[in-house]
Each structure stands twice: as structure tokens, then as C-alpha cells.
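One letter stands for each residue in the lines below.
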Amino acid sequence: MPKPHYKRIMLKLSGEALSKEGKGQGINQDVLQDVALRIAEVAKKGIQVVVVAGGGNIWRYRDTKGSGIERTVSDAMGMLATIMNSVALQAALETQGMETRVLSAIDVPQLAEAYIRRRAIRHLEKGRVVICAGGTGNPYFTTDSAAALRALELNCDVLLKATNVDGIYDRDPNKEKDAKLYTSLSYQEALEKHLNVMDQSAFSLCAEQKLPIRVFNFGTTGGLLKAATGGEIGTIVQYIEN
């Protein structure tokens, strides 16, 4: 099977991808620069890059349920955390010589442009890396959902979900040493096997619109570049005709 040619990709990063391994909190400068270097490597190949970063390294509702903060307020704090991560990533990418724009679903004009679809597409066409911040701008939606929504709005060819494992397994590979790694799945198979690809809303949106999802280990050397150029890495979830 020939390698697919991706003109425009969506990269979904967890907030923890910007923190020190094993810590999961805050932004580590060395890690941040390494992430920026990998993204710049892809962009310099002429591939248009959209990024959505989570905020779990700073604040996330599911990790802070005992805080006493009401859900919608907690989710708003999480969206602000994604803006902090996005602005930090923008600064790091610019040190790599990449023109970068942060477009936010929440209005913070001192830090980011408002997310407008046509504006985002124009930035991409000019060769700029676009970072979509602020989630969807609504509570009860994860940044997985934001990544799926923005990927479809911006006509991305694939959604690359960066994780800390090698792809999608039949069981938790951190608990089961003999867990099986899938290299390819259909959306239907992923549903039938109850595999945790993304949150349900995000996955359903991708499946409905037939947007391929590639889940891969971001820690693998050259992994992002390989995934962005259609290489065999991790697990690809896509529409397969019967």
C-alpha cells in the first residue's frame, strides 16, 4: 500500500507532553524546546501543521474533582491552561525559526488571535504553524474533541494523537506485558472491541466524517516526522470498506 501524502495534519498533544517525564506538572523548558524542534522538523518539510495541546499539566477537571470547584468553572480553568501551553509552545517554535500563530476559542487578544476558520486556513497557506487554544470554548468537551473539530474545520488529512505508548493495544500495556498492539483498525472494530482511542465524542466525530486517526508514541525518535509523512508507526484507525 503506498504511503498517504498529507498536505495538512492535526497534531494532538497532551499537556503532559510539555512537562518532565514522570512528573506531569508544569512546563519543562528542555522538553518544550524538544517538542518545538520536532514540530518544526515536520513543518520544514512543507507539511502544514495544526496543533491542539491539552492542559492537564496545569489544570484538568478529572484530576481535580476534589477541589470543590464547580465543573463548568473547572473546565474554564482547564481551557485557560491550554492557552498557557499554546503560548509557551509558540515562543519555543519561534526560537526554531517557525512563524507561529495561536488562535484561541476564548477571547484573550493580548495573547492570541480569535479563532476564525478562514484566518487559520490563511495562516496555514502562508506556511505558519497554527496552534488552536482554548479547547472548543465550551465546558464538558475535552481537547480531544477540540482536536477532532478543528481538524475537520481546517480540512486536515489526518489527526495524529501523540501518546506515551506505542499505539492502541487490546489491553493496558502498562499493566499487561502480553498486551497486543494493533497496527490498523477500522472505526467499527475500535468500537466493537471497546478500545480507548479518544474520548467518545471526538472518536464519533472522526468516524462519522471518515477522518483517519493515527495514535503513536511521541517519545519515539523521529516518530512525529514518520507519522506526518505517512510512515508505518503506531496504530492507524480509518474507514475500511467491506
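Everything numeric in this text was worked out from a predicted model, so none of it was measured.

Reading guide: rules and limits
- Residues numbered from 1 in each chain as written.
- Predicted model: local features only at pLDDT ≥ 70, side-chain atom pairs only at ≥ 80, totals over all residues.
- Heavy atoms only, no water.
- Buried < 20%, exposed > 50% of the residue type's maximum accessible area, 1.4 Å probe, protein only.
- Helix = DSSP H or I, 4+ residues; strand = E, 2+ residues; numbered from the N terminus.
- Pairing = 2+ DSSP bridges.
- Phe/Tyr/Trp six-rings, centres within 6.5 Å; stacked < 30°, edge-to-face > 60°.
- Lys NZ or Arg CZ within 6 Å of the ring centre and 35° of its normal.
- Salt bridge = Lys/Arg side-chain N within 4 Å of Asp/Glu carboxyl O.

Explain the pairing of strand 2 (residues 48–53) to me, please; I cannot follow it from the model alone.
Remember that side chains alternate between the two faces of the sheet whenever the strand is regular. Burial runs high along strand 2: six of the six residues are buried. Along strand 2, one buried face is formed by Q48, V50 and V52 and the opposite face, lined by V49, V51 and A53, is buried too. Sheet topology note: the strand 1 (residues 8–13)/strand 2 ladder contains six bridges and is parallel. Paired with I9 across the two strands is V49, which belongs to strand 2. In this sheet, strand 5 (residues 129–133) lies alongside strand 2 in parallel orientation, the contact comprising two bridges. Bridge pairing in strand 5 links V50 to V130.

Sorry if this is basic, but what is going on with the packing of aromatic side chains here?
How two aromatic rings sit relative to each other is set out by the distance from centre to centre and by the angle between their planes. Inspection of the entire model under this criterion finds two aromatic pairs. Of note, R38 hangs over the ring of F218, and the distance from its end group to the ring centre comes to 4.9 Å. The ring of Y115 has R150 lying over it, and the distance from NZ or CZ to the ring centre is 3.8 Å.

Can you walk me through the pattern of salt bridges in this structure?
Two side chains with opposite charge may pair up if their charged atoms get near one another. A complete count under the given rule lists 16 salt bridges for this structure. Across the pair E99 and R101 runs a salt bridge whose closest N-O atoms are separated by 3.6 Å. You can call R101 partly exposed: its relative accessible area is 21%. Close ionic contact of E176 with R171 constitutes a salt bridge, the shortest N to O distance being 3.8 Å. Residue R171 is classed as partly exposed on the basis of its relative accessible area of 36%. Among the ionic contacts, a cluster of salt bridges with common partners joins E99, R101, E113, R119 and R128.

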